[in-house]
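The primary structure of each chain is shown beneath.
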Amino acid sequence: MKKILILGIGNVLYADEGIGVHFVNYIQDKYKFSHPNHQLDLIDGGTLAQSLIPLISQYDQLIVVDTVNSNHACAGDVFFFDFDHAPAEIDWQGSAHEVEMLQTLTMMDMVGDRPVTQVLGVIPTVIEPMTLGLTPALINAIPTMEKALISYLTTLGMVVEQKASIQIEDVIPDAYKRGVNHEALYSV
């Protein structure tokens, strides 16, 4: 059995910085996934980065959903790539947690604990303190992100069923309540 983790990273109190968290909550509320031989988990990782190592190392495959930056892209542009073959134009230095997540994945790689990793990233518009919500550019990027993720999961043999008709704006107001169960991180 292959264990697959979709991990949303971000700080929901910094506008577009929270896209990874909001997107994972949205996908979890909207879809049901099944596979006869694989386990798929969706987790809001917030800004925990290195604290997530015990959790991440239990998986065979990881899909990180986060903001990324590029001097050659516009707000709302979506990138889906293999972590080991990141496009040259991708810059991880855009926000406080991204450097930590990059360092976390690099540290895991050095000790041989990092699962096969894909990144579903989007260029943010606003990273502003104390702003819960997403800018129109990122809201408009959601269908592209959704299509990329669902298409990829389908290639892994996942059966995807829509269980709710919702918009990402529906999950944002409760995002700060849904974070990682810290007790579960350390009980593994």
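Worth saying up front: this structure is predicted, and the values here are computed from it rather than measured.

What about the side chain of H35?
Move 1: Locating H35 in the fold gives a position in the loop between β2 (31–34) and β3 (38–46).
Move 2: A relative accessible area of 19% places H35 in the buried class.
Move 3: A polar contact of 3.1 Å, which involves the side chain of H35, links it to the backbone nitrogen of H38.
Move 4: Polar contacts involving the side chain of H35 include one to the main-chain carbonyl oxygen of L156, which spans 3.4 Å.
Move 5: Apart from residues lying up to four places away in sequence, H35 is in contact with L156, G157 and M158.

Observations regarding a nonpolar patch on the surface
Move 1: A contiguous nonpolar patch, built from L13, Y14, I127, M130 and L132 and spanning about 450 Å² of accessible area, is present on the exposed surface.
Move 2: Positionally, M130 belongs in the loop between β6 (116–122) and α4 (136–155).
Move 3: By relative accessible area, which is 66% here, M130 ends up exposed.

What about the nonpolar core?
Move 1: Membership of the largest hydrophobic core comes to 30 residues, with the highest contact counts inside it found for I6, F23, F33 and L153.
Move 2: Ranked by residue count, the leading element in this core is α4, at eight residues.
Move 3: Core analysis: the second largest hydrophobic core is formed by 22 residues, I43, I56, A73 and V119 among them.

As for the pattern of salt bridges
Move 1: Summed over the entire model, instances satisfying the criterion amount to three salt bridges.
Move 2: As a salt-bridge pair, D84 and R114 come within 2.5 Å of each other at their nearest N and O atoms. Here D84, found in the loop between β5 (78–82) and α3 (96–110), pairs with R114, found in the loop between α3 and β6; they are 30 residues apart in sequence, far enough to count as distant.
Move 3: The partner of D109 in a salt bridge is R114, and the shortest N-O contact between them spans 3.5 Å.
Move 4: Residues joined by salt bridges that share partners form a network here, namely D84, D109 and R114.

Focus on the sheet that holds strand β1 (residues 2–9)
Move 1: Spatially, five strands are ordered β3-β1-β4-β6-β5 in an open sheet, and the strand pairing comes out mixed. Of all strands in the sheet, those bounded by a partner on one side alone are β3 and β5. Between one strand axis and the next, the sheet turns through 15° on average, direction left out of account.
Move 2: In this sheet, strand β4 (residues 61–67) lies alongside β1 in parallel orientation, the contact comprising five bridges. When the bridges of β4 are listed, G8 appears paired with V65.
Move 3: The strands touched by helix α1 (residues 19–30) are β1, β3, β4 and β6; relative to β3, the strand with the most contacts, the crossing angle is about 140°.
Move 4: Helix-sheet contacts for α4 involve β1, β3, β4, β5 and β6, and the interaxial angle to β6 is about 160°.

Procedures and definitions
- Residues numbered from 1 in each chain as written.
- Predicted model: local features only at pLDDT ≥ 70, side-chain atom pairs only at ≥ 80, totals over all residues.
- Heavy atoms only, no water.
- Helix = DSSP H or I, 4+ residues; strand = E, 2+ residues; numbered from the N terminus.
- Buried < 20%, exposed > 50% of the residue type's maximum accessible area, 1.4 Å probe, protein only.
- Polar contact = N/O pair within 3.5 Å; in protein donor to acceptor, adjacent residues only side chain to side chain.
- Contact = heavy atoms within 4.5 Å.
- Patch = residues over 30% accessible without salt bridge, like charges linked within 9 Å, V, L, I, M, F, W, Y side chains within 5 Å.
- Areas by Shrake-Rupley, 256 points an atom, 1.4 Å probe, with all protein chains shown as cover.
- Salt bridge = Lys/Arg side-chain N within 4 Å of Asp/Glu carboxyl O.
- Core = buried A, V, L, I, M, F, W, Y, C linked by side-chain atoms within 4.5 Å.
- Pairing = 2+ DSSP bridges.
- Axes fitted to C-alpha atoms, helices over the stretch in contact; angles between N-to-C directions.

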